Amino acid sequence: MIEKRTAIRLSDGRELIYFDESTTPDRDKWPDTRELPPPPPTSQLRYDPLVDEWVAVAAHRQTRTFLPPSDKCPLCPSTPDFASEIPAPDYDVVTFENQFPSFSDRVKENEITSLTDLVPVRPGVGRCEVVCFTSDHNSYFGALSPARVRTVMDVWADRTKEMSDMPGVAQVFPFENRGVEIGVTLNHPHGQIYAYPMVTPRTKSMLQAARRHAERTGGNNLYGDILAAERKAEIRVVASNEHWTAYVPAASRWPFEVQIAPHRQVPDIPALDDAERDAFGPLYLDILQRFDALFDKPMPYIAAWHQAVTGEGRDLGYLHLQLFSIRRAADKLKFLAGSESAMGAFINDIVPEKAAQTLREIL
């Protein structure tokens, strides 16, 4: 759990926050000694009228750091020989504003407001933060202790609450990418948090489905009904405890996909109580171990927290974590080819019930 929270400013003005598990560290004595250029202006949001979606254009991200050597990792603690993004010589968990953000509050002057009558443009106002789970470059989330996972949960809660209150933010999305196969550009164990200035396409679809279900059933929550059905059927449940259930969705898009949901309907991570936060870590670590055991090597994955939006439709949300991998066999990956990329129509190579059985039995 978090015992001390210390916010500082990096040399270019970006915010960094240390979340310490003890009260002893004095973080103020470690200033950022680098000379950095000013942070880039925020991205453009361009509206695509063909699909009623906003697309962010962030050209400055083309120059972001890509797989540096371990002694030049910007997420490791600073040393006398290398000043990283984290000035201190050690840390527990730390968050900071991304140096190459997809969204920020730094609006460019004379911003374009439209390209054509059908394509309006607006600033991508929001926030993007990096979350470093440990100072150990060679570790990974699945190797964290349950106590450290609890700290990370509290950090996600802290950042979700603060970012949800920022002007213009429509939803907050904590996530982790693992593995170069997924597209990771920094190998240090870390995740990110996006505060979007719009409701994302998947969330918009989920809200529409949830609203239709509530109207049909007299107010039932769609995700709550799905979770109850999965717990009753048991066939796709991989593991569970008093507060959480991990199951393979009946209509999984990915070869190996697990959703982990609290038994109590809550909108977001800040709404979880202490018992629920404590119970998440052991179950999640168990599922990550099962993923790695599938092919006896580190499993590339995306872990995505689905939280309620900040505005209209918030009452329809139900917090859950979606964990999935693109690996479908020891030597094969699932690529999003013609049907998935062009049409958005997924074709899964593995029967969800078989995936659930394999995950249950793997350990």
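Residues numbered from 1 in each chain as written. Predicted model: local features only at pLDDT ≥ 70, side-chain atom pairs only at ≥ 80, totals over all residues. Heavy atoms only, no water.

Caption draft 1: Structural detail: the sheet that holds strand β3 (residues 44–48). Strand order in this open sheet of four strands is β4-β3-β7-β6, and the pairing throughout is antiparallel. Strands at the two margins of the open sheet, each flanked by one partner only, are β4 (53–57) and β6 (114–116). The sheet shows a mean angle of 25° between the axes of neighbouring strands, direction not considered. Relative to strand β7 (residues 119–123), β3 is paired through three bridges, and the arrangement is antiparallel. The partner of Gln44 across the bridge, within β7, is Pro123. (Pairing = 2+ DSSP bridges. Helix = DSSP H or I, 4+ residues; strand = E, 2+ residues; numbered from the N terminus. Axes fitted to C-alpha atoms, helices over the stretch in contact; angles between N-to-C directions.)

Caption draft 2: Examining the environment of Ile235 more closely. Residue position: Ile235 is located in the loop between α3 (222–233) and β11 (237–240). Residue Ile235 is classed as partly exposed on the basis of its relative accessible area of 42%. The spacing of Ile235 and Pro352 is 117 residues in sequence and 9.7 Å in space, taken between C-alpha atoms. In contact with Ile235, other than residues within four places in its own chain, are Glu353, Ala356 and Arg360. (Buried < 20%, exposed > 50% of the residue type's maximum accessible area, 1.4 Å probe, protein only. Contact = heavy atoms within 4.5 Å.)

Caption draft 3: How the structure looks around the sheet that holds β11. The strand order across the open sheet formed by eleven strands is β1-β2-β5-β8-β10-β9-β14-β15-β13-β12-β11, and the pairing between neighbours is antiparallel. The open sheet is flanked by β1 (4–9) and β11, the only strands paired with a single partner. Between one strand and the next, the sheet's axes are offset by a mean angle of 20°, whatever the strand orientation. Note: strand β14 (residues 301–306) against strand β15 (residues 320–325), five bridges, orientation antiparallel. When the bridges of β15 are listed, His306 appears paired with His320.

Caption draft 4: A look at the pattern of salt bridges. In total, this model carries 31 salt bridges according to the counting rule given. Residue Asp278 is joined to Arg150 by a salt bridge in which the shortest nitrogen-to-oxygen separation is 2.6 Å. One end of the pair, Asp278, is in helix α4 (residues 274–294); the other, Arg150, is in helix α1 (residues 146–164), with 128 residues separating them in the sequence. When its relative accessible area of 43% is taken as the criterion, Asp278 is described as partly exposed. Among the ionic pairs, Arg159 bridges to Asp158, the shortest N-O distance being 3.0 Å. (Salt bridge = Lys/Arg side-chain N within 4 Å of Asp/Glu carboxyl O.)

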